[in-house]
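Summary of structural features
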Amino acid sequence: VAVGEAALNALDVGVVLLASDRRIVFVNRCADGMLRAGDGWLRRHDRLTATAARADAALQRLLRYAIAPDASLGCPPDVLVPRPSGRRPYHVMATPLRTQPAAFIAMRTPVVVVLVTDREARQPRTGQALQHAYALTPREAMLAAALADGQSLADAADRLGITAQHLKARMA
C-alpha cells in the first residue's frame, strides 16, 4: 500500500477521488464503509450517487462544478445526503485538486476530492485533548467536551454534578 493511500485510509472522514469523467478512482476505508452501508449514497457504475433524487441532483451539480469550476457562474453549496435509516445526513463537500497528484498504483489521475462526514460516527472530543490544547482545568475541559458533543448546558452541569445556575455564574 502506498504511503498516500495509507494516510487517506487512516482518516475518519470519507475521501473519494474522482477522475474527470466523475468515475471513482480511489475510495478510502471510511468512505468504503459508508458506501457499502447503502444508507443514502452508493457507488453505481463506478460513480457516486445519492439514493434520494433531490440529493442526487445536488450531488451531481456539485461534482460537475468541482471537475470544471471555470465552466460555471457559481459554486454550488455542500450537499446534505439524507439517510433512509433516519440517522443524520451525510455532509458531502467536493473541490478540484489544484495540483495533479501522482496517481496511486494502477489509478487514473484524480482531479476532484470528495470529502464525506458522518456526524453519527464522529469521535467524541476528549476532555484531556481540549485541556492540553486550550490550557483548561480538568473540569473546564470536561464541560467543553460535553458542550462540543452537543449536550445542553443543563445536561453538562448535571454530568459534572453541579447546577446549571452555578455553571452560568462561573461562565459570566
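Residues numbered from 1 in each chain as written. Predicted model: local features only at pLDDT ≥ 70, side-chain atom pairs only at ≥ 80, totals over all residues. Heavy atoms only, no water.

A count of helices and strands for the protein chain gives seven helices and seven strands. Ordered by position in the sequence, the α and β elements of the protein chain form the string α-β-β-α-β-β-α-β-β-β-α-α-α-α. Within the protein chain, contacts between residues separated by at least 24 positions form 44% of all contacts whose residues are at least 6 apart in sequence. About 10,400 Å² of surface is accessible on the protein chain, with carbon and sulfur atoms providing 54% of the total. (Helix = DSSP H or I, 4+ residues; strand = E, 2+ residues; numbered from the N terminus. Contact = heavy atoms within 4.5 Å. Areas by Shrake-Rupley, 256 points an atom, 1.4 Å probe, with all protein chains shown as cover.)

Bringing the packing of aromatic side chains into the picture now. Tallied over the full model, the rule gives one aromatic pair. Taking the centre distance of 5.9 Å and the plane angle of 65° together, the rings of Trp41 and Tyr90 count as edge-to-face. Of this pair, Trp41 sits in strand 3 (residues 41-44) while Tyr90 sits in strand 6 (residues 90-96), placing them 49 residues apart in sequence. On the basis of relative accessibility, which here comes to 1%, the residue Tyr90 falls in the buried class. If you follow Arg83 out to its NZ or CZ, it ends over the ring of Tyr90, 4.1 Å from the centre. (Phe/Tyr/Trp six-rings, centres within 6.5 Å; stacked < 30°, edge-to-face > 60°. Buried < 20%, exposed > 50% of the residue type's maximum accessible area, 1.4 Å probe, protein only. Lys NZ or Arg CZ within 6 Å of the ring centre and 35° of its normal.)

The strands that make up a sheet pair up through hydrogen bonds in the backbone, lying either parallel or antiparallel. With antiparallel pairing, five strands are arranged side by side in an open sheet as 2-1-7-6-5. Strands with a single pairing partner mark the edges of an open sheet, and in this sheet they are strand 2 (24-27) and strand 5 (79-81). Neighbour-to-neighbour, the strand axes of this sheet turn through a mean angle of 25°, independent of strand direction. Bridging between strand 5 and strand 6 involves three bridges; their strand directions are antiparallel. Paired with Val79 across the bridge in strand 6 is Val92. (Pairing = 2+ DSSP bridges. Axes fitted to C-alpha atoms, helices over the stretch in contact; angles between N-to-C directions.)

Moving on, we get to the confidence of the model for the protein chain. Looking at the protein chain as a whole, the pLDDT averages 84, with 84% of positions reaching at least 70. Per-element confidence in the protein chain ranges from a low mean pLDDT of 70 for helix 4 (residues 127-134) to a high of 97 for strand 4 (residues 47-50). (pLDDT = per-residue confidence, 0-100.)

This brings us to the pairing of strand 4. Moving residue by residue along a regular strand, the side chains alternate between the two faces of the sheet. As paired strands, strand 3 and strand 4 are joined by four bridges and run antiparallel to one another. Within strand 4, the position partnered with Arg43 by the bridge is Leu48. Counting the residues between successive antiparallel strands, the hairpin from strand 3 to strand 4 contains two residues, one of them, His45, with a positive phi of roughly 55°.

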